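The primary structure of each chain is shown beneath.
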Amino acid sequence: MGFGSKLLALCSYETTKLVRIHSVRLGTLKWTLNATVLLFICLLLLWNRKYQQFDQVVSSVTAKVKGVALMQLPGEGAVIWDEADYTGFSQDKNSFFVVTNVIVTKNQKQGRCPEHPSSGRLCRRHEDCEQGNWDPHSHGIQTGSCVKFDAVTRTCEVAAWCPIEVKKKPPRPALLASAENFTVLIKNNIRFPAFNFIRRNILPNMTESYLRRCQRAHDSLCPIFTLGDIVNRAGENFSTMAVEGGVIGIQIKWDCNLDPLTRRCLPAYSFRRLDQKESNKTLYPGFNFRYQSRVKLLFLNVIMKYLSVRFAKYKTVDGVEERTLYKAFGIRFDIMVFGQAGKFSFIQLIIYIGSTLSYYALTTVLLDWLIGTSCYAAEEGQNYSERKVESVPDKKECILCVSYVDEDDIRLVKMSHKKRLQDVETISVQTRQEDIGHMTATLCLPLDPLISLAAFSKARPRPPSWCKCGACSPSPLPQEELCCRHSSEGACVAASTLFDKLALHRPLLEALLLYRDPLARMPPSAAALRRCAYRQYAAWRLGVPPADAHPAIPRCCVLRIREAFPSPDGRYGGFALPSEAEM
Ligand code: ZN
Ligand code: ZN
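Residues numbered from 1 in each chain as written. Chains lettered and ligands numbered in written order. Predicted model: local features only at pLDDT ≥ 70, side-chain atom pairs only at ≥ 80, totals over all residues. Heavy atoms only, no water.

A. Spatial organisation of the overall build of the protein chain. The helix and strand inventory of the protein chain stands at 14 helices and 18 strands. For the protein chain, the residues scored as buried account for 40% of the 583 residues in total. Partitioning the intrachain contacts of the protein chain with sequence separation of at least 6 by distance along the chain shows that 65% fall at a separation of at least 24. Taken as a whole, the protein chain presents about 34100 Å² of accessible surface, with 56% of it coming from carbon and sulfur. (Helix = DSSP H or I, 4+ residues; strand = E, 2+ residues; numbered from the N terminus. Buried < 20%, exposed > 50% of the residue type's maximum accessible area, 1.4 Å probe, protein only. Contact = heavy atoms within 4.5 Å. Areas by Shrake-Rupley, 256 points an atom, 1.4 Å probe, with all protein chains shown as cover.)

This is how it looks when you write it as structure tokens:
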């Protein structure tokens, strides 16, 4: 092949060939399915705003708690607590902590005292204690002495703030349960960088007087909350939670639509408890980290059971420094802001439409499946799938085309060297395609009804079981064992008038041979006449056979033709494809 023709071969385009089926049922089904898919795509487009480009929120939060409570401190009487006392412990700018309960240890001084048995080591002699030793559980540094804690217990003495804080459960009900009525103002500034869009949860129309009056119960946008309301909405009881503390999440969700026509960008608040409600008593019971500074505070206790902080107030009495230690329990409120904003984007729309096109393939898949299975009317289904699928047989496999005189249609069967051709399973049944030229020529033949069966129905051995026409004989090759009738017993096609006229009439066969090869040697050989007779039979009974299928000639007809044009040496070729060899 020259370079030019190679180049030409490259310049070609292959496309798919389609089969159009004219069917009201299938057509209706197709349009129904397509409409359903389109509806689904449109709903998804509008519902999920698939035509928009989205950006995530960036935000900052501040919270201001307000409220004053009267607390009855054991041993100290009524004490007023305001926001300076109960807040200010937050470690994170997105959260605030409100004290709801306290354990007070009064008048601690620097000194030496026995360690509390639950924190320190029990001892009997001074040797049991080690001077200068400290461990994370203890309140001070051991002095090396073993002293009496109470009448029965002796513990190691420590240098510490004395008396040592006694471990006990927080008071019930919580001392600051009235913190339920405290209010918190949450300020939230958000930004969507992609759209350069800025917004606050305190909307432009919210004036000072509005903020003073607004109530969450009537206005879901009011940024002022009472703590009790927050805890209730999280599904908890404030007075129960106030005893040991906990963590509540305040979620602010911004779902913004920045399109001019449907513009909407408002916050939605929701609340839930974040810590484990069931206190886990086996985990680190009473294990505390401790950090104290001279000014105030603090400690943050993140043990599983309690949420508590410690702080101390110091004073000097007669030149000696004393302190009051508070272990405070409270509720931490974590504010979480999340959300997104969407704005129309032509590119997003195109991408979405492109991604949905494949859904239409579902229609094809479903209809093809319907055609291919018996769900659809069986006959029509077979018809469609035969038209739709062109089966190309493997080289080794030979498809034979068989016609029975007691059936209108022709059958395609797979040739087998083991099974009798009469018994081989049918692959498909097809309508016979008449060979128009052959049919016309046949109808021009002068017919005389003289030929009788006598010449053919010579004494034959009893026909084998598979023969229905009575004219076949057994063959050593199973692929040759085919009768001219399929199921019903009756006359043989080889005994018909037309068989004699078409396949056995010597002048006709000679004319046909000359027609094909005008210079052919005359008279022709018996083998050439037999071949021509087989072709005549095939054109008559099978018409134009489907592509890749070879005509199969029944045993009775083969015998009849061999009888009319016998081989001089009495030998015949076995079964072979008609184009390849003599039969
Ligand atoms: Zn037969
Ligand atoms: Zn027959």
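B. Highlighting the coordination of the zinc ion (ligand 1). In the first shell of the zinc ion (ligand 1), the protein supplies C467 (SG), C469 (SG), C472 (SG) and C483 (SG), at 2.2 to 2.4 Å from the metal. Its 4 donor atoms give the zinc ion (ligand 1) angles of 99 to 117° at the centre, a pattern that matches the tetrahedral case. Here the donor residues of the zinc ion (ligand 1) share one chain and are spaced in sequence as C-x1-C-x2-C-x10-C. The two metals, the zinc ion (ligand 1) and the zinc ion (ligand 2), are separated by 3.8 Å and share C469 as a common coordinating residue. Placement of C467 in the loop between α10 (436-443) and α11 (497-504) and of C483 in the loop between α10 and α11 is noted, with a sequence separation of 16 residues between them. (Donors = N, O, S within 2.8 Å, 3.2 Å for Na, K, Ca; no water. Tetrahedral: all angles 85-135°; square planar, octahedral: opposite > 155°, others 65-115°.)

C. Highlighting the side chain of T105. If you trace the backbone, T105 turns up in strand β5 (residues 95-114). Given the relative accessible area of 11%, T105 is considered buried. Residue contacts for T105: discarding those within four places in its chain leaves P163, E165, R323, T324 and L325.

D. Expanded view of the nonpolar core. Within the largest apolar cluster, 50 residues are counted, with the highest numbers of intra-cluster contacts made by F96, V102, F192 and F333. A471, C492, V493 and Y537 belong to the second largest nonpolar core, which has 31 residues in total. (Core = buried A, V, L, I, M, F, W, Y, C linked by side-chain atoms within 4.5 Å.)

E. View of the packing of aromatic side chains. Inspection of every chain in the model, using the stated rule, returns 10 aromatic pairs. When the centroid spacing of 6.1 Å and the interplanar angle of 40° are considered together, the rings of Y51 and F344 count as tilted. Taken together, the positions of Y51 in the loop between α2 (24-47) and β1 (52-56) and F344 in strand β14 (residues 320-344) put the pair 293 residues apart, joining distant regions of the chain. The exposure class of Y51 is buried, given its relative accessible area of 16%. Across from the ring centre of W540, 5.4 Å away, lies the NZ or CZ of R541, which sits over that ring. (Phe/Tyr/Trp six-rings, centres within 6.5 Å; stacked < 30°, edge-to-face > 60°. Lys NZ or Arg CZ within 6 Å of the ring centre and 35° of its normal.)

F. Examining the coordination of the zinc ion (ligand 2) more closely. Every protein donor of the zinc ion (ligand 2) is listed here as C469 (SG), C484 (SG), C492 (SG) and C556 (SG), and their distances to the metal cover 2.2 to 2.4 Å. Relative to the metal, the 4 donor atoms surrounding the zinc ion (ligand 2) lie at angles of 104 to 119°, and the coordination shape comes out tetrahedral. Counting the intervening residues between successive donors of the zinc ion (ligand 2) yields the motif C-x14-C-x7-C-x63-C.

G. Looking closely at the sheet that holds strand β18 (residues 549-551). With respect to topology, 4 strands assemble into an open sheet ordered β17-β16-β15-β18, the strand pairing being mixed. Edge positions in the sheet fall to β17 (426-430) and β18, since each has one partner strand and no second. Pairwise comparison of adjacent strand axes, ignoring direction, gives a mean angle of 30° for this sheet. Two elements, strand β15 (residues 399-403) and strand β16 (residues 410-414), share 5 bridges in a ladder whose sense is antiparallel. Paired with C401 across the strands is L412, a residue of β16. (Pairing = 2+ DSSP bridges. Axes fitted to C-alpha atoms, helices over the stretch in contact; angles between N-to-C directions.)

H. The arrangement of the confidence of the model for the protein chain in detail. Overall, the prediction assigns the protein chain a mean pLDDT of 80, with 85% of residues at 70 or greater. For residues 279-305, every residue scores under 50 in pLDDT, and the model assigns this stretch 54 contacts once sequence neighbours within four places are set aside. Long-range and interchain partners of residues 578-583, a stretch whose pLDDT sits below 50, account for 15 contacts in this model, where long-range means more than four residues apart. (pLDDT = per-residue confidence, 0-100.)

I. Quick look at the side chain of R332. For R332, the position within the fold is in strand β14. At a separation of 3.1 Å, a polar atom in the side chain of R332 contacts the side chain of D334. (Polar contact = N/O pair within 3.5 Å; in protein donor to acceptor, adjacent residues only side chain to side chain.)

J. Structural context of the packing of helix α12 (residues 506-516) against helix α13 (residues 526-542). With their axes 10 Å apart at the nearest point, α12 and α13 run at an angle of 95° to one another. By the angle class used here, α12 and α13 are roughly perpendicular. Side by side, α12 and α13 meet where R506, L508, L509, E510, L512, L513 and R516 of the first sit next to A528, L529, C532, A533, R535 and Q536 of the second. The class makeup of the residues in the contact of α12 with α13 is 8 nonpolar, 1 polar and 4 charged. (Parallel < 35°, antiparallel > 145°, perpendicular 65-115°, else oblique. Nonpolar A, V, L, I, M, F, W, Y, C, P; charged D, E, K, R; others polar.)

K. Region of interest: α13. Helix length check: α13 (17 residues) gives 24 Å between terminal C-alpha atoms against 24 Å at 1.5 Å per residue, within 8%. With 13 of 17 residues buried, α13 is to be regarded as a mostly interior element. Phi turns positive, to about 65°, at G543, one or two residues after α13. (Expected span 1.5 Å × (residues − 1).)

L. Highlighting α11. α11 sits mainly inside the fold: 6 of its 8 residues count as buried. The elements touched by buried residues of α11 are α10, α12, α13 and α14 (555-564).

M. Representation of the state of the cysteines within the structure. Summed over all chains, the structure comprises 5 disulfides. Between the sulfur atoms of C214 and its disulfide mate C222 the distance is 1.8 Å. Disulfide C214 to C222: torsion about the S-S bond roughly 50°, handedness right-handed. As far as burial versus exposure is concerned, C214 and C222 are alike and both buried. Residue pairing for C256: its cysteine sulfur links by disulfide to C265, the two sulfurs lying 1.9 Å apart. Taking the torsion about the sulfur-sulfur bond, which here is approximately 60°, the covalent link between C256 and C265 counts as right-handed. Judged by its relative accessible area of 3%, C265 falls in the buried class. Sequential numbering of the bridged cysteines in the protein chain gives the disulfide pattern 1-6, 2-4, 3-5, 7-8, 9-10. Unpaired in terms of disulfides, C557 finds its nearest cysteine sulfur in C556, a separation of 4.1 Å. (Disulfide = S-S within 2.5 Å.)

N. Broad picture of unusual backbone geometry. The omega torsion of the bond from C162 to P163 falls at -5°, within 30 degrees of zero and hence cis. Here P163 is to be found in the loop between β7 (154-162) and β8 (183-192). For the bond running from M522 to P523, omega is -5°, close enough to zero to count as cis. Mapped onto the elements of the fold, P523 is located in the loop between α12 and α13. Phi at R49 is positive, roughly 45°, even though this residue is not glycine. Tracing the sequence through the fold places R49 in the loop between α2 and β1. In this structure R49 comes out as buried when scored by relative accessible area, which is 14%. Within the chain, D318 stands out as a residue other than glycine whose phi angle is a positive 55°. You can see D318 is positioned in the loop between β13 (308-317) and β14.

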